[in-house]
Amino acid sequence: MLRLALLDNAAEFDKSKQLTQKIISKIQRASQNELVARSYLEVGYSYYLDTGMDKAIEFYNKAYEIYFRLNEESGLADVFNSLSLVYGEQGDKNLAVNYLKKALAIYSKLGYRHAASLAHYNLGFTYVDMGLLEEAKSQFSASIEISLDIDDKLNLAYSKSALARIFIKQSQFVNAANLYKESIAIFKYFDDEVTSFRMKVGLLESYIGSKDKIAAGKLFNKLQIDYAKYGQPGYPSKFLLISARYHELMMDYKRAFETQLDYSQRLLKNFDRVQEQDVEKLMVEFDSKIKESENLLLLKDNEVKKLRLEQQNSRLFFLILVSVMAILIMVVIGFLLYRQTLHRTRFQKMALRDHLTNAPNRRAVLQYAKERFSEARQTNMNFTIALVDLDHFKTFNDQYGHDVGDEVLKSFSNACASALRKQDRYGRYGGEEWLLVLGDTDKNEVTQIFNRLKANLEKISINGVEKPLTVLFSMGVAQYDPDTDKNVQDMIRRADSNLYEAKGLGRDRVIQ
Ligand SMILES: Nc1nc2c(ncn2[C@@H]2O[C@H](COP(=O)(O)OP(=O)(O)OP(=O)(O)O)[C@@H](O)[C@H]2O)c(=O)[nH]1
């Protein structure tokens, strides 16, 4: 199953399909028990990642039949959750909502509060897509309430920022600003500067909305420095769009125009990368909004003519007015383009997070590793990857139940977040397997990171478990070697074989 996950991540879908067939034939020979149902879920998820939605539904339904026969409610809830993802992606939002509600009812009944808060969160986003903002608000509020109760800081921060976004849509800028501030404080606590930056852009948008020039000015200056650090070159960052609105607020129309133009050009380049289907949809809406823009242009044109008659001597004034009109049109067009991409960007973001631990998922961390790899090839800089696998993790599930196993995974994610340095990233790679991507790091520093992580996992308190638990893990490391590594998968294979060796030598160690 882990091999299947590795192939999915490496986008080696042909091999993944062969392996899938093998798993299916083995499953068919095995007895119809819970393990089989879990395997169907995994195979379904593999098809989902490869956009084989019909096959994904087929396997989720097989898992459903077994869980239904076994009367295994938590399994049923997982199936509903998975189905909601598929239908949400296919655009059937009503069905996605129905499945999420069913999963939520079960998680609430069983007291799986973490899973319930995530289901509220996902429901909130589905409602936003359907334009049901009040329903979305109550889902995000419920997610906030549970996250506060179970002290899940990350989910709390994400839910608050989602709620803030709705307040912005409803022009309740003071409420939005307060929520963004609370959310920023949490991301700072986790040292997550990149997400903090995104939230601060939301805060700036709130200040601009409430026309608070002083607060907006201070924040804008800070964000310009952050943008140089955390912005993606060439990408149509939302920060640019908000910057244009900021300059407009400050009546610096020239900069507003230039920034808006820069944003629009990046956005147009980005269109090449979106699917044809998305573009068609965008164009339909774009056309109708262009007509609105033309009407606006006509209106403004009349105004200009009138002003020209009244102020024929004032050439300068005329030029300023034309500039303002151009900016207005660009802002309207930019806003429409932004609305289209927002939808897609949010789903992309959700697709990059692990639902259980809130950590980056395997797709996200692998993408990051690939970027670091091509950077290292071009600049000859060093970088390191490490595969981490929890030791005897199955015994946590067997001894204390699946719920405690989930908590152990969350604790491991939190331990990673505090043990790693600013230049490092991590993500959940498989069930209890994690991938760390480390910046320029020698062997000694790898050992230090291993020890820091180990120290963080020495005494973990978990609700419902009397004594603190100690979580051990094994780590396999690979340094980038320009002579042998042709792609990041070569490095992962070497790290995997070191991990295998660490396990063979008795676990609880790092091999590099
Ligand atoms: N609670 C919980 N368990 C999971 C999750 N994903 C995978 N698992 C379980 O993790 C266990 C992994 O077990 P094994 O692959 O045998 O490995 P292990 O027990 O960690 O032993 P070693 O890796 O050999 O040290 C399986 O029982 C899976 O069911 C999850 O999201 N939550």
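In the annotation of an unreviewed UniProt entry, the entry for the chain reads diguanylate cyclase, and the organism field reads Psychrosphaera algicola.

Caption draft 1: Representation of the overall build of the chain in the model. Secondary structure assignment for the chain yields 21 helices and five strands. Across the 512 residues in the chain, those meeting the buried criterion constitute 49%. Intrachain contacts of the chain at a sequence separation of at least 6 include 63% that bridge at least 24 residues. With an accessible surface of roughly 26200 Å², the chain has 52% of that area assigned to carbon and sulfur atoms.

Caption draft 2: Here's a closer look at the nonpolar core. Formed by 89 residues in total, the largest nonpolar core has its most connected members in Tyr60, Phe140, Leu204 and Phe239. The element best represented in this core is helix H9 (residues 153-169), accounting for 10 residues. In this structure, Phe140 is in contact with Tyr121, Gly124, Phe125, Val128, Ser159, Ala162, Leu163 and Ile166, ignoring residues within four places of it in sequence.

Caption draft 3: Region of the structure containing unusual backbone geometry. Its identity as a non-glycine residue notwithstanding, Lys211 has a phi of 55°, on the positive side. Looking at the secondary structure, you find Lys211 in the loop between helix H11 (193-209) and helix H12 (213-230). Of note, Arg507 is a non-glycine position whose phi angle comes to about 70°, a positive value. The topology assignment puts Arg507 in the loop between helix H21 (488-504) and strand S5 (510-511).

Caption draft 4: Structural detail: helix H8 (residues 133-149). For H8, which comprises 17 residues, the first-to-last C-alpha distance of 24 Å matches the rise-based estimate of 24 Å (1.5 Å per residue) to within 8%. Every buried residue belonging to H8 is among Leu133, Ala136, Lys137, Gln139, Phe140, Ala142, Ser143, Ile144, Ile146 and Ser147, and all of these are buried. Asp151 sits one or two residues past H8 and shows a positive phi near 55°.

Caption draft 5: Quick peek at the packing of helix H18 (residues 393-400) against helix H19 (residues 402-419). Following both chains from N to C, one finds H18 and H19 inclined at 140°, their axes separated by 6 Å at the closest point. Overall, the two elements H18 and H19 adopt an arrangement that is oblique. Residues Phe393, Phe396, Asn397 and Tyr400 of H18 lie in contact with H19, whose contacting residues are His402, Val404, Gly405, Val408 and Leu409. Tallied by class, the residues present in the contact of H18 with H19 amount to six nonpolar, three polar and no charged.

Caption draft 6: Broad picture of the pairing of strand S4 (residues 473-479). Counted residue by residue, S4 has seven buried out of seven residues, so it is predominantly covered. Of the pairings in the sheet, the one linking strand S1 (residues 384-390) to S4 comprises seven bridges and is antiparallel in character. By the bridge assignment for S4, Val388 is matched with Met475. The pairing of S4 with S5 spans two bridges and is classified as parallel. Within S5, the position partnered with Met475 by the bridge is Val510. A crossover links S4 with its parallel partner S5, the connecting element being H21, and its sense is left-handed.

Calculation rules
Residues numbered from 1 in each chain as written. Predicted model: local features only at pLDDT ≥ 70, side-chain atom pairs only at ≥ 80, totals over all residues. Heavy atoms only, no water. Helix = DSSP H or I, 4+ residues; strand = E, 2+ residues; numbered from the N terminus. Buried < 20%, exposed > 50% of the residue type's maximum accessible area, 1.4 Å probe, protein only. Contact = heavy atoms within 4.5 Å. Areas by Shrake-Rupley, 256 points an atom, 1.4 Å probe, with all protein chains shown as cover. Core = buried A, V, L, I, M, F, W, Y, C linked by side-chain atoms within 4.5 Å. Expected span 1.5 Å × (residues − 1). Axes fitted to C-alpha atoms, helices over the stretch in contact; angles between N-to-C directions. Parallel < 35°, antiparallel > 145°, perpendicular 65-115°, else oblique. Nonpolar A, V, L, I, M, F, W, Y, C, P; charged D, E, K, R; others polar. Pairing = 2+ DSSP bridges. Right-handed = clockwise from strand over helix to strand, strands pointing away.

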